Amino acid sequence: MIPYDETENHRMSLASHYQDGSCAISFELFPPRTEKGMEALCENVRRLTQFMPAYFTCTYGAGGSSQGTTLEVLRKVREITGLPVASHLTCVGATAEDLEDYLAQATQTGVEYIVALRGDPPKGESAFKMTDGGFRYANELVEMIRSKFSNLGIAVAGYPEVHQEAVDAQTDLDNLKRKVDAGGDIIITQLFYDNADFYRFRDKCVAAGINVPIVPGILPVTNFAQADRIASMCKARIPNELREAMTESEDDKFQFEVGVQHARMQTADLLENDVPGIHYYVLNKSDAAEALLDGMQLGSA
Ligand SMILES: NC(=O)C1=CN([C@@H]2O[C@H](COP(=O)(O)OP(=O)(O)OC[C@H]3O[C@@H](n4cnc5c(N)ncnc54)[C@H](O)[C@@H]3O)[C@@H](O)[C@H]2O)C=CC1
Ligand SMILES: Nc1nc(=O)c2c([nH]1)NC[C@@H]1CN(c3ccc(C(=O)N[C@@H](CCC(=O)O)C(=O)O)cc3)CN21
């Protein structure tokens, strides 16, 4: 493990992880609901450190999880790995003041990066409702972070298959550009299962004058029921080949193998196509990541 230099002068900027020509990797966690889940998370983080990730991230309020434990997870991850950590942050149910309070707390915890999101509508609601005194779109959150917490690196979300609420692909791209212009250092994409969608998206970003690192997000699916659930939640298309391959057998081990093979194939192809890094949605586990990264030459911290 390469120790992380905590002195202000040597603080890595978020974009700089992606500038040395190697493929930097990052792992995304979510706050576990139980003490046992937290213990398992810590053990899996230890195991994931062997791949020399550049940083870990932890979601905030995703799927109705509690927002309070995000910083607790990140504090533990820092303790275990010594690596930089990123907190996701959403505008859901928060005033600008609430968000500033959270950012102050995050800074105190040692968080260096924020994944700045608008956020999903709360469970049971179909549309995002802006909170009085809060923000309507992620670009407003990015702007606030840039003006009041200038030391924090900022990642914003990009959508290779176009965000479900966007009027059209061009408008979605204009809105992504707005987030980058407001101060986003890098783009992390929504998960996708067909790399062609990512390459098309990347070309359009470049044509639109977006010149920050565009980091593909990959979620290795390990069983078909999970794949189906995630695809519908994230509006990601499961290609027919993957669907058919996975449903050939009901066997857990078989489906795990197929899901991991697919993610491994996506990873190898992305590497050949010069991505600056890959963000893995590991869902607090290490088994799929270990199987798919085994023997691959990526990650450099
Ligand atoms: N891609 C990822 O890694 C992750 C994505 N998400 C989810 O993605 C969803 C959206 O979050 P963000 O992408 O941060 O939201 P966003 O605010 O960037 O975009 C939300 C929608 O509003 C539109 N939009 C954005 N800015 C606009 C503006 N200034 N004027 C008019 N329309 C605008 C966008 O085209 C999009 O359809 C949420 O549901 C979030 O929770 C959550 C976690 C991770
Ligand atoms: N619209 C949207 N919202 C998000 O919160 C989100 C995205 N997209 N895209 C990227 C990641 C992926 N996220 C995910 C994806 C799946 C689960 C999920 O299936 N969670 C299960 C437990 C998973 C497991 O243990 O296997 C759960 O029950 O919460 C959670 C967050 C969060 N992020």
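All values reported here derive from a predicted model rather than from experimental measurement.

A. Representation of helix H2 (residues 70–81) in the model. Under the 1.5 Å per step criterion, the end-to-end length of H2 is 16 Å for 12 residues, consistent within 8% with the ideal 16 Å. Downstream of H2 by one or two residues, Gly 82 has phi in the positive range, about 70°.

B. Just helix H9 (residues 252–272), in detail. Between its terminal C-alpha atoms H9 stretches 30 Å, which fits the 30 Å expected from 21 residues at 1.5 Å a residue. For H9, every residue scored as buried is listed here: Gln 255, Phe 256, Val 258, Gly 259, Val 260, His 262, Ala 263, Gln 266, Thr 267 and Leu 270. Buried residues belonging to H9 abut helix H6 (195–207), strand S7 (214–218), helix H7 (224–234), helix H8 (240–246), strand S8 (277–281) and helix H10 (287–293). A positive phi of about 55° marks Asp 274, the residue just after H9.

C. Spatial organisation of the sheet that holds strand S1 (residues 24–29). Strand order in the closed barrel made by the 8 strands is S1-S2-S3-S4-S5-S6-S7-S8, with parallel pairing throughout. Neighbour-to-neighbour, the strand axes of this sheet turn through a mean angle of 30°, independent of strand direction. Across 4 bridges, the pairing between S1 and strand S2 (residues 55–58) is parallel. Of the residues in S2, the one forming a bridge with Glu 28 is Thr 57. Against the sheet, helix H3 (residues 96–109) makes contact with strand S3 (85–90) and strand S4 (113–117), and its axis sits at roughly 170° relative to S3, the strand it touches most. Against the sheet, H9 engages S7 and S8, with an angle of about 165° to S7.

D. Structural view of the pattern of salt bridges. A full pass over the atoms with the stated rule returns 13 salt bridges. Between Asp 197 and Arg 237 there is a salt bridge whose closest N-O contact spans 3.1 Å. Note that Asp 197 is positioned in helix H6 and Arg 237 in the loop between H7 and H8, a separation of 40 residues in sequence. Exposure remark for Asp 197: the relative accessible area of 9% places this residue in the buried category. Looking at Arg 237, the relative accessible area reads 40%, which means it is partly exposed. Taken together, the shared-partner salt bridges connect Asp 194, Asp 197, Arg 200 and Arg 237 into one network.

E. Expanded view of the pairing of strand S5 (residues 153–158). Most of S5 sits inside the fold, with 6 of its 6 residues counted as buried. Residues Gly 153, Ala 155 and Ala 157 point to one face of S5 and Ile 154, Val 156 and Gly 158 to the other, with burial holding for every one of them. With 3 bridges joining them, S4 and S5 adopt parallel strand pairing. Residue pairing for S5: Tyr 113 is matched across the bridge by Gly 153. Read from S4 through helix H4 (residues 138–148) to S5, the crossover connection turns out right-handed. Of the pairings in the sheet, the one linking S5 to strand S6 (residues 186–191) comprises 4 bridges and is parallel in character. Among the inter-strand pairings, Ala 157 is bridged to a residue of S6, identified as Ile 188. In this region the chain leaves S5, passes through helix H5 (residues 169–181) and returns to the parallel neighbour S6; the handedness of that crossover is right-handed.

F. Representation of the packing of H5 against H6 within the structure. Relative to each other, H5 and H6 sit at 60°, their axes nearing to 11 Å. Taken as axis vectors, H5 and H6 run oblique relative to one another. Every pair of crossing elements has a handedness; the one defined by H5 and H6 is right-handed. In this structure, H5 uses Ala 169, Leu 173 and Leu 176 to contact H6, whose residues at the interface are Phe 201, Lys 204 and Cys 205. Here the contact of H5 with H6 is composed, by residue class, of 5 nonpolar, no polar and 1 charged.

G. Broad picture of the site of ligand 1. Residues in close proximity to ligand 1 total 19 residues, the closest being Asp 120, Tyr 159, Asp 172, Asn 175 and Lys 179. Counting only elements with at least two residues in the shell around ligand 1, the list comes to H4, H5 and S6. Among the elements that take part in the shell around ligand 1, H5 stands out by supplying 4 residues, more than any other. Grouping the constituent residues of the shell around ligand 1 by class yields 7 nonpolar, 6 polar and 6 charged.

H. Local environment of the packing of aromatic side chains. Under the defined criterion, the tally for this structure stands at 6 aromatic pairs. When the centroid spacing of 6.2 Å and the interplanar angle of 35° are considered together, the rings of Phe 27 and Tyr 280 count as tilted. Separated by 253 residues along the polypeptide, Phe 27 in strand S1 and Tyr 280 in strand S8 bring together distant segments of the chain. Pair check on accessibility: Phe 27 and Tyr 280 agree, each one buried. Of the aromatic side chains, those joined through ring pairs into one cluster are Phe 27, Phe 56 and Tyr 280.

Criteria and thresholds
- Numbers given to residues run from 1 along each chain, matching the order in which its sequence is written.
- Numbering of ligands from 1 and lettering of chains from A proceed in the order in which they are written.
- Where totals are concerned, whole chains, interfaces and linings use all residues; where local detail is concerned, this predicted model gives features only for residues with pLDDT of at least 70, and gives and counts side-chain atom pairs only at 80 or more.
- The side-chain values count all of the structure's non-hydrogen atoms but skip hydrogen atoms and water molecules.
- Numbering of helices and strands runs from the N terminus, with a helix taken as a DSSP run of H or I at least four residues long and a strand as a DSSP run of E at least two residues long.
- Multiply 1.5 Å by the residue count of a helix minus one, and that product is the helix's expected span.
- Between buried and exposed lies partly exposed: a residue is buried under 20% and exposed over 50% of the maximum accessible area for its type, with that area taken using a 1.4 Å probe on protein chains only.
- Whether two residues are in contact is decided by their heavy atoms, any of which lying within 4.5 Å being enough.
- A pair of strands counts as paired when DSSP detects no fewer than two bridges linking them.
- What counts as an axis is a line fitted to C-alpha atoms, over the stretch in contact for a helix, and the angles between N-to-C directions run from 0 to 180 degrees.
- Salt bridges, as used here, are contacts in which a Lys or Arg side-chain nitrogen is within 4 Å of a carboxyl oxygen on Asp or Glu.
- We call a crossover right-handed when, viewed with both strands directed away from the observer, the connection leading from the first strand over the helix to the second proceeds clockwise.
- Roughly parallel means an angle under 35 degrees; roughly antiparallel, over 145; roughly perpendicular, 65 to 115; everything else is oblique.
- Here a crossing is taken to be left-handed if its near helix is turned anticlockwise relative to the far helix by less than a right angle, and right-handed if that turn runs clockwise.
- Throughout this entry, Asp, Glu, Lys and Arg are counted as charged residues, while Ala, Val, Leu, Ile, Met, Phe, Trp, Tyr, Cys and Pro are counted as nonpolar. The remaining residues, Gly among them, count as polar.
- Working definition: residue near molecule or strand if any one of its non-hydrogen atoms lies within 4 Å of it.
- Side-chain rings of Phe, Tyr and Trp (the six-membered ring for Trp) are treated as a pair once their centres are within 6.5 Å; stacked means planes under 30 degrees apart, edge-to-face means over 60, and tilted covers the remaining angles.

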